[in-house]
Amino acid sequence: GFSRGTRGLRSVRARSSSSTLFGGNAARSETYTCAMAALMMVMLFIVGSATAGTINETTAYQSCISSPSSCSSLWMPESQLSGTLPSELGTLTGLTRLGMWSNQLSGTLPTELGALTLFQVMYFFSNQLTGTLPSELGSLTSLVATSLDVNQLKGTLPSELAALTRLTLMHICS
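Note that the structure is a prediction, hence the values are computed from the model and not measured.

The next thing to look at is the overall build of the chain. Looking only at helices and strands, one finds two helices and 12 strands in the chain. Counting from the amino terminus, the chain carries its helices and strands in the arrangement β-β-α-β-α-β-β-β-β-β-β-β-β-β. Buried positions account for 44% of the 174 residues belonging to the chain. Considering only contacts in the chain between residues 6 or more positions apart, those separated by 24 or more positions represent 55%.

Given below as structure tokens:
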């Protein structure tokens, strides 16, 4: 697991009502502000169902690669994806939201993700990712929420993550 030591990170909680996402499993569900929950629900409804295979084989990924500056969201949850995360994800300069939770993705987080300066949301929980968090993630100064828990990540949090002043939700438990 990771050593705790990040200051100023907190979970976002709803003020009057809450929305539980991701199948209602209390162990893996999070409570978000109503606005964020509504945004997430809209994005979840527009996600196409990908078939089993690697990320490179999906139509959604190919569409983003063909037009990297205009691809703002790439959501492929529970799509039976396997293999590693392609380093080419770092070329998707318009990407603000990336979600590939509950797949069988393995390997490390590509350092190239640090080039995505517009990145706001990144969810890779419930996969088989290994290694440490790359220090390049400290360049994601627009990042608001990330969940990397239920993987095999190890090590300490890179000090560069202190630059993520907009980050309000970070889950990295194993």
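Below, the discussion takes up the sheet that holds strand β4 (residues 73-75). Sheet architecture is open: five strands sit in the order β4-β6-β8-β10-β12, paired in parallel fashion. One side of each edge strand has no neighbouring strand; the edge strands of this open sheet are β4 and β12 (169-171). Between one strand axis and the next, the sheet turns through 10° on average, direction left out of account.

Let us look at the confidence of the model for the chain. When pLDDT is averaged along the chain, the result is 78; 70% of the residues meet or exceed 70. Scored below 50 in pLDDT, residues 3-48 shows 60 contacts in the model against residues more than four places distant or in partner chains.

This next bit is on a negative patch on the surface. A surface patch of like charges, here negative, comprises E88, E112, E136 and E160. Looking at the element boundaries, E160 is found in the loop between β11 (152-153) and β12.

This part is about the side chain of T146. With respect to the helices, strands and loops of the structure, T146 is situated in strand β10 (residues 145-147). Of the polar contacts made by the side chain of T146, one reaches the backbone oxygen of M122; its length is 2.9 Å. Excluding its chain neighbours within four sequence positions, the residues that come into contact with T146 are M122, Y123, L167, L169, M170 and H171.

Strands sit in the order β3-β5-β7-β9-β11 across an open sheet of five strands; the sheet is parallel. Bordering the open sheet on either side are β3 (53-54) and β11, each of which pairs with just one other strand. Sheet topology places strand β7 (residues 104-107) next to strand β9 (residues 128-131); two bridges connect them, and they run parallel. Its bridge partner lying in β9, G107 is registered against L129.

Taken together, the two bridges between β9 and β11 define a ladder with parallel strand orientation. The residue of β11 that forms the bridge with G131 is L153.

Remark: the centre distance and the inter-plane angle together describe each pair of aromatic rings, the angle taken between the planes. Overall, the coordinates contain five aromatic pairs when judged by the stated rule. Measuring from centroid to centroid gives 5.2 Å for W75 and W101, while their planes differ by 75°, and the two rings are edge-to-face. Linking W75 in strand β4 with W101 in the loop between β6 (97-99) and β7, this pair joins segments that are 26 residues apart in sequence. Judged by its relative accessible area of 8%, W75 falls in the buried class. A relative accessible area of 3% means that W101 is categorised as buried. Pairing W101 with Y123 gives two aromatic rings, centres 5.9 Å apart and planes at 80°, and the pair type is edge-to-face. Separated by 22 residues along the polypeptide, W101 in the loop between β6 and β7 and Y123 in strand β8 (residues 121-123) bring together distant segments of the chain. An aromatic cluster is present here, built from W75, W101, Y123 and F125 joined pairwise through their rings.

Scoring rules and cut-offs
- Residues numbered from 1 in each chain as written.
- Predicted model: local features only at pLDDT ≥ 70, side-chain atom pairs only at ≥ 80, totals over all residues.
- Heavy atoms only, no water.
- Helix = DSSP H or I, 4+ residues; strand = E, 2+ residues; numbered from the N terminus.
- Buried < 20%, exposed > 50% of the residue type's maximum accessible area, 1.4 Å probe, protein only.
- Contact = heavy atoms within 4.5 Å.
- Pairing = 2+ DSSP bridges.
- Axes fitted to C-alpha atoms, helices over the stretch in contact; angles between N-to-C directions.
- pLDDT = per-residue confidence, 0-100.
- Patch = residues over 30% accessible without salt bridge, like charges linked within 9 Å, V, L, I, M, F, W, Y side chains within 5 Å.
- Areas by Shrake-Rupley, 256 points an atom, 1.4 Å probe, with all protein chains shown as cover.
- Salt bridge = Lys/Arg side-chain N within 4 Å of Asp/Glu carboxyl O.
- Lys, Arg positive; Asp, Glu negative; His and termini not counted.
- Charge placed at Lys NZ, Arg CZ, Asp CG, Glu CD.
- Polar contact = N/O pair within 3.5 Å; in protein donor to acceptor, adjacent residues only side chain to side chain.
- Phe/Tyr/Trp six-rings, centres within 6.5 Å; stacked < 30°, edge-to-face > 60°.

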